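Chain by chain, the residues run as shown.
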Amino acid sequence: MATSPATPESIRQALSAVIDPEIRKPITDLDMVGDVSVDGAVASVTIKLTIVGCPAARAIERDVTKSVLGVSGVDDAKITVTVMTADERNALIEKLGAGKKKTPQFGPTSLTRIIAVTSGKGGVGKSTLTANLAVELAARGLAVGIVDADVFGFSIPGILGLVDDEGNTLKPTRVGGMILPPVAHGVKVISIGMFLEGTDAASRAVSWRGPMLHRTIQQFLTDVFFGDLDVLLLDLPPGTGDVAISVGQLLPQAEVLVVTTPQPAAAEVAERSGIVARQTGQTVVGVVENMAGVIAPDGTLLEIFGSGGGEEVARRLSEDRVGRDGGRVVPLLASVPLSIPLREGGDSGAPVVLANPADAASVAIREVATQLLNQGRGLAGRKLPFA
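Everything numeric in this text was worked out from a predicted model, so none of it was measured. (Residues numbered from 1 in each chain as written. Predicted model: local features only at pLDDT ≥ 70, side-chain atom pairs only at ≥ 80, totals over all residues. Heavy atoms only, no water.)

## What about the overall build of the protein chain?
If you tally the helices and strands in the protein chain, you get 12 helices and 15 strands. By residue count, 48% of the 387 residues in the protein chain fall in the buried class. Here the contacts in the protein chain between residues at least 6 apart in sequence split such that 76% fall between residues at least 24 apart. Accessible surface, the protein chain as shown: approximately 17800 Å² in total, 53% of it carbon and sulfur. (Helix = DSSP H or I, 4+ residues; strand = E, 2+ residues; numbered from the N terminus. Buried < 20%, exposed > 50% of the residue type's maximum accessible area, 1.4 Å probe, protein only. Contact = heavy atoms within 4.5 Å. Areas by Shrake-Rupley, 256 points an atom, 1.4 Å probe, with all protein chains shown as cover.)

See below:
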């Protein structure tokens with residue numbers, strides 16, 4: 001059977017399957033495809049990148065070449081890479097709705113589910129849990145983003161491997177006034193660590209007072225283009241300070257996941273973070289106990305950090321009468337055991353839920369994801385964005 005000749009229309013149709021790695025939309029929808037022509041079995045395509053030095057350039061050119069060569073009747077692809085004009089770039093920003101900088105993209109009408117991960121004290125594995133939970137949700141087909149709101153102890157970029165070959169944290173791409181967050185394992189991520197300059201940026205300390213912290217979180221929620229997300233996770237700093245209060249003010253509809261360790265002292269402090277979240281109108285959806293007991297080679301259970309802390313926090317928050325969530329019982333979603341693969345994955349930028357799915361910690365984190373998704377979320381009383 002003779003092969004049908006390719007046409008510019010068939011080429012454009014094939015290019016509609018090429019997704020911009022940063023914006024996560026088809027390049028045809030983003031007006032990134034310029035002239036398309038076919039001369040016999042040779043297809044010529046012009047691609048317009050958003051900016052000079054676009055970090056996704058190689059990936060886009062590779063995917064475009066593959067798609068064009070996959071069209072019936074095409075034996076050779078000539079790809080010309082150019083850059084959008086200022087007018088084309090501004091049109092794209094407006095098309096994405098990112099030109100309205102003063103309007104929070106996660107306001108009262110947003111359908112994105114927002115989950116703030118909090119803890120009473122540091123060192124309980126909150127960031128590791130947040131990163132792995134996000135990756136697990138993305139692996140299930142959801143559009144997921146993370147705001148690393150732990151300004152003083154930012155660690156999400158490193159845990160997710162958002163570093164270059166020299167170990168420097170990857171920077172967001174700026175398109176006009178729009179900030180495109182880097183993507184790791186299908187998760188869009190923004191962190192203050194991405195804006196610090198210098199080769200030692202990852203280890204530099206941030207010393208800011210309340211107003212600057214509030215402004216930073218506000219800008220993350222307005223100036224960073226996340227697009228249409230199913231879930232946005234916020235990795236909050238430990239305790240009940242300025243950032244927790246700011247998030248409560250900016251995102252009163254957020255749900256809160258409380259992380260604790262098994263020891264009673266940590267459980268008592270973790271309870272406070274849940275109570276403060278309620279005082280700002282947020283809902284506590286569950287507790288995760290991290291660093292739980294681990295099975296030793298001889299079969300004995302080693303409870304290095306004690307036991308019962310997660311259950312105790314869940315019980316106290318369920319019985320709390322101050323701002324109680326409509327009588328809702330706060331469940332203990334899972335106990336995540338101490339795990340060497342979990343720790344190694346955080347150090348190497350390879351989340352354990354992908355790198356070692358059979359590990360006990362991976363199994364527990366998947367259970368957290370399942371329970372959160374099974375809970376759904378109530379939309380009663382909320383204004384939906386329909387005319």
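## Focus: the packing of aromatic side chains
The full count for this structure, using the stated rule, is 2 aromatic pairs. Both rings, one in Phe106 and one in Phe226, keep their centres 5.8 Å apart while their planes meet at 55°; by these two values the pair is tilted. With Phe106 in the loop between helix H3 (86-95) and strand E4 (113-119) and Phe226 in the loop between helix H6 (210-222) and strand E10 (231-235), this residue pair connects regions lying 120 residues apart in the sequence. Neither residue differs from the other here; Phe106 and Phe226 are each classed as buried. (Phe/Tyr/Trp six-rings, centres within 6.5 Å; stacked < 30°, edge-to-face > 60°.)

## Thoughts on the UniProt feature "binding site: ATP" (unreviewed entry) in the protein chain
Taken from the UniProt record, the annotation "binding site: ATP" (unreviewed entry) applies to Gly120, Lys121, Gly122, Gly123, Val124, Gly125, Lys126 and Ser127. Structurally, the position occupied by Gly120 is in the loop between E4 and helix H4 (126-139). Contacts of Gly120, omitting those with residues within four sequence positions, involve Pro238, Gly239, Val259, Val269, Ala270 and Ser273. Inspection of the secondary structure puts Gly125 in the loop between E4 and H4. Gly125 gets classed as buried once you look at its relative accessible area, which sits at 18%. (UniProt positions renumbered as here; feature names shortened; annotations may be inferred.)

## Quick notes on the nonpolar core
One broad rule of soluble globular proteins: the nonpolar side chains tend to lie buried together. In terms of nonpolar packing, the biggest core is built from 74 residues, with Val147, Leu232, Leu234 and Leu257 touching the most fellow members. When residues of this core are assigned to their parent elements, the largest contribution, 7 residues, is made by H4. Once residues within four sequence positions are removed from consideration, Leu234 is found in contact with Ile114, Ile115, Ala116, Val117, Val147, Val247 and Leu251. By size, the runner-up hydrophobic cluster in this structure holds 33 residues, among which are Ile23, Ile27, Val64 and Leu180. (Core = buried A, V, L, I, M, F, W, Y, C linked by side-chain atoms within 4.5 Å.)

## Describing the pairing of E10
Consecutive side chains of a regular strand alternate in pointing toward one face of the sheet and then the other. Across the 5 residues that make up E10, a large majority, 5, are buried. Of the two faces of E10, the one carrying Val231, Leu233 and Asp235 and the one carrying Leu232 and Leu234 are both buried. Summarising the sheet, E4 and E10 pair through 5 bridges and their orientation is parallel. If you follow Ile114 over to E10, its bridge partner there is Leu232. (Pairing = 2+ DSSP bridges.)

## Points about helix H10 (residues 340-348)
Every buried residue of H10 is accounted for by Leu342, Gly345 and Gly346. The buried residues of H10 all sit within an arc of 100° when viewed along its axis, so they share a single face. Facing away from the buried side of H10 by more than 90 degrees, the exposed set consists of Ile340, Asp347 and Ser348. In this fold, the buried residues of H10 make contact with H4, helix H5 (156-159), strand E15 (332-337), helix H11 (352-355) and helix H12 (360-375). The N-cap of H10, judged by a side-chain oxygen 3.1 Å from the amide nitrogen of Leu342 a few residues on, is Ser339. (Arc of directions from axis to C-beta. Polar contact = N/O pair within 3.5 Å; in protein donor to acceptor, adjacent residues only side chain to side chain.)

## Considering the pattern of salt bridges
Side chains that carry opposite charge are capable of pairing whenever their charged atoms lie near each other. Counted by the stated rule, this structure contains 13 salt bridges. Across the pair Lys126 and Asp150 runs a salt bridge, and its minimum N-O distance is 3.7 Å. Of this pair, Lys126 sits in helix H4 while Asp150 sits in the loop between strand E5 (144-148) and H5, and the two are 24 residues apart along the sequence. Comparing Lys126 with Asp150 shows no difference in burial state: the two are buried. Between Arg315 and Glu312 there is a salt bridge, with the nearest N and O atoms lying 2.5 Å from each other. (Salt bridge = Lys/Arg side-chain N within 4 Å of Asp/Glu carboxyl O.)

## Observations regarding the sheet that holds strand E3 (residues 76-83)
Taken together, the 3 strands give an open sheet; going across it, the order is E1-E2-E3, and neighbouring strands pair in mixed fashion. Two strands bound the open sheet, and with one partner strand each, they are strand E1 (33-39) and E3. When the angles between neighbouring strand axes are averaged without regard to direction, this sheet yields 15°. Where strand E2 (residues 42-49) lies against E3, 8 bridges are found, and the strand directions are parallel. For Lys48, the partnering residue across the bridge sits in E3 and is Thr82. (Axes fitted to C-alpha atoms, helices over the stretch in contact; angles between N-to-C directions.)

## Digging into the side chain of Asn290
Within the secondary structure, Asn290 sits in strand E12 (residues 283-292). Owing to a relative accessible area of 6%, Asn290 belongs among the buried residues under this scheme. For Asn290, the side chain forms a polar contact with the main-chain oxygen of Val124, separated by 2.8 Å.

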